[in-house]
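Structural overview for review
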Amino acid sequence: MSSVQAADREQYLKFSRPHNACLLCGKALNVDGRHPSLIHLSDKEETIRQDFCGECWEKKQRGDYFSYWVTKRVTSESPEQRRLNRAERNEALWRLFAALHESKDAPDLVPQLFLVAHLLMKYKVVVYGGKTEDGKLIFKHPKLGETFEIADVALDGVDFAKVNAMVEEQALNFRPEPAGEVAAGDE
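Here's a quick rundown of the structure. These numbers come from a predicted model, not from an experiment.

**Observations regarding the sheet that holds strand 5 (residues 137–141)**
The strand order across the open sheet built from three strands is 4-5-6, with neighbouring strands paired in antiparallel fashion. Lying at the two open borders of the sheet, with one neighbouring strand each, are strand 4 (127–131) and strand 6 (146–150). The sheet shows a mean angle of 30 degrees between the axes of neighbouring strands, taken without regard to direction. Both strand 4 and strand 5 contribute to a ladder of four bridges, which runs antiparallel. Among the inter-strand pairings, Val-127 is bridged to a residue of strand 5, identified as Lys-140. Of the strands in this sheet, strand 4, strand 5 and strand 6 touch helix 4 (residues 110–122), which is tilted by about 45 degrees from strand 5.

Shown next, in the form of structure tokens:
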């Protein structure tokens, strides 16, 4: 494939994100479900995306277009829901941190504790307080007024992708229960 053909191919692959309204009637498309989309090539060989609601797609004449497909749409969360999810995430990580800190003497949990502490620092739940004389890291929880010491971990000595996967899995077990739900055994 020549470089000109490759450049032309790349041009065809670049097109805009889905529109939030039907091109013909203006009906909202950014709701759960699907809607037809097509690529039309302009006279200058530019790719133009067009999105339609189902009714307009049925009424639309066949026309001349380069390609079409059905776009899947999912309603995004409101800012309030995202904040709630952040709060749940922070609570789950905090609970996991507390459980790991209680078991901090287990050598296989040290990388997890290190990662969770740094995630909590990133999410502004704890703040870094420096190092102790023996090289441990100090993290402070400003709201609780508690200080936690954890072992420092060499970044090249641990597979943090693997540790992160374990943390994500474990954090699900520590997430708070939604309000109004009764935990098993609390009935």
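Next, the rest of the story.
**Here we look at the side chain of Asn-90**
Inspection of the secondary structure assignment puts Asn-90 in helix 3 (residues 79–102). With near-sequence residues (within four places) excluded, Asn-90 lies in contact with Leu-120, Tyr-123 and Val-125.

**Concerning the sheet that holds strand 1 (residues 33–41)**
Pairing is antiparallel in the open sheet, where three strands are placed in the order 2-1-3. Where the open sheet ends on each side, the last strands, each with one partner, are strand 2 (47–51) and strand 3 (67–73). Neighbour-to-neighbour, the strand axes of this sheet turn through a mean angle of 30 degrees, independent of strand direction. Direction of pairing for strand 1 relative to strand 2: antiparallel, over a ladder of five bridges. From the neighbouring strand, Leu-38 faces strand 2, where its bridge partner is Gln-50.

Reading the values: the criteria
- Residues numbered from 1 in each chain as written.
- Predicted model: local features only at pLDDT ≥ 70, side-chain atom pairs only at ≥ 80, totals over all residues.
- Heavy atoms only, no water.
- Pairing = 2+ DSSP bridges.
- Helix = DSSP H or I, 4+ residues; strand = E, 2+ residues; numbered from the N terminus.
- Axes fitted to C-alpha atoms, helices over the stretch in contact; angles between N-to-C directions.
- Contact = heavy atoms within 4.5 Å.

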